Each structure stands twice: as structure tokens, then as C-alpha cells.
Amino acid sequence: MNDLAAEYKVLGIDRIPFLEHQYVKFRQYFHKIPVYGSLVTVELDKSNEFVSINTSVGDPSNVDPLSSISPKKIIGTLAERLDVQESVVRMERDNI
């Protein structure tokens, strides 16, 4: 994989009081696009020392980060197939 383009962003931290451990979860990004199904979970003890890691990452190095279809065309196609006006599709997209 092209490590120069791979990024990991924190999804959150889960604390386990009984063990005094915490799990830090990361999502993989490639060219600022989230990689579907990726998840890295790092377990740390109460001193923030590494305990374990569980990963599920992808290798999207042969995927073009630039869309071949314009957002306008996608909105038009969705509106046509859903039998609604384009403004409805745009409004729903903006509320996500």
C-alpha cells in the first residue's frame, strides 16, 4: 500500500473501568476518503502502555480518488429513479 497517502483518524475512545484499560479506534483514509470496512483498535493499559492491536485495513492503492461521475449527474440519476425532484435529493444530502 502507498503509505504516503494512507491516513488514520480517531473514531473514539472506549474506557473499560474494570480493567483500567482503554481502546482507541481509528478509521483508515486514503486521499482523504474513508476506506469502507477499515478499523484499527489499539488497547492501552492504565499507564497508556500498548497492550494489543486489532486491524482491518484495505489496500486501495489502485483506486482513483477522483470520481468519474459528477455529483450533479448522480443527483439527477437518483432523482429520476426515485421519481422525485432534484431539490429533494439535494436537501437530503445536505442534512446528512
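These numbers were taken from a predicted model, which means no experiment stands behind them. (Residues numbered from 1 in each chain as written. Predicted model: local features only at pLDDT ≥ 70, side-chain atom pairs only at ≥ 80, totals over all residues. Heavy atoms only, no water.)

A.B. asks: Quick rundown of the pattern of salt bridges? Include the residues and the values.
C.D. replies: By the definition in use, this model includes two salt bridges. For Asp14, the salt bridge is made with Lys25, and the minimal N-O distance between the two is 3.3 Å. Residue Asp14 is located in strand E1 (residues 6-16), and its partner Lys25 is located in strand E2 (residues 21-30); the two are separated by 11 residues in the primary sequence. Looking at Lys25, the relative accessible area reads 29%, which means it is partly exposed. Residue Glu20 is joined to Lys46 by a salt bridge in which the shortest nitrogen-to-oxygen separation is 3.4 Å. Note that Glu20 is positioned in the loop between E1 and E2 and Lys46 in the loop between strand E4 (39-44) and strand E5 (50-56), a separation of 26 residues in sequence. Exposure remark for Glu20: the relative accessible area of 43% places this residue in the partly exposed category. The class for Lys46 is exposed, based on a relative accessible area of 63%. (Salt bridge = Lys/Arg side-chain N within 4 Å of Asp/Glu carboxyl O. Helix = DSSP H or I, 4+ residues; strand = E, 2+ residues; numbered from the N terminus. Buried < 20%, exposed > 50% of the residue type's maximum accessible area, 1.4 Å probe, protein only.)

A.B. asks: With reference to specific residues and values, describe the pairing of E1.
C.D. replies: In regular strands, side chains alternate between the two faces of the sheet. As judged from the 10 bridges shared by E1 and E2, these two strands associate in the antiparallel manner. Residue pairing in the sheet places Glu7 in a bridge with Tyr29 of E2. Following E1, the chain reverses through four residues before pairing antiparallel with E2; Glu20 in that reversal takes a positive phi of roughly 55 degrees. (Pairing = 2+ DSSP bridges.)

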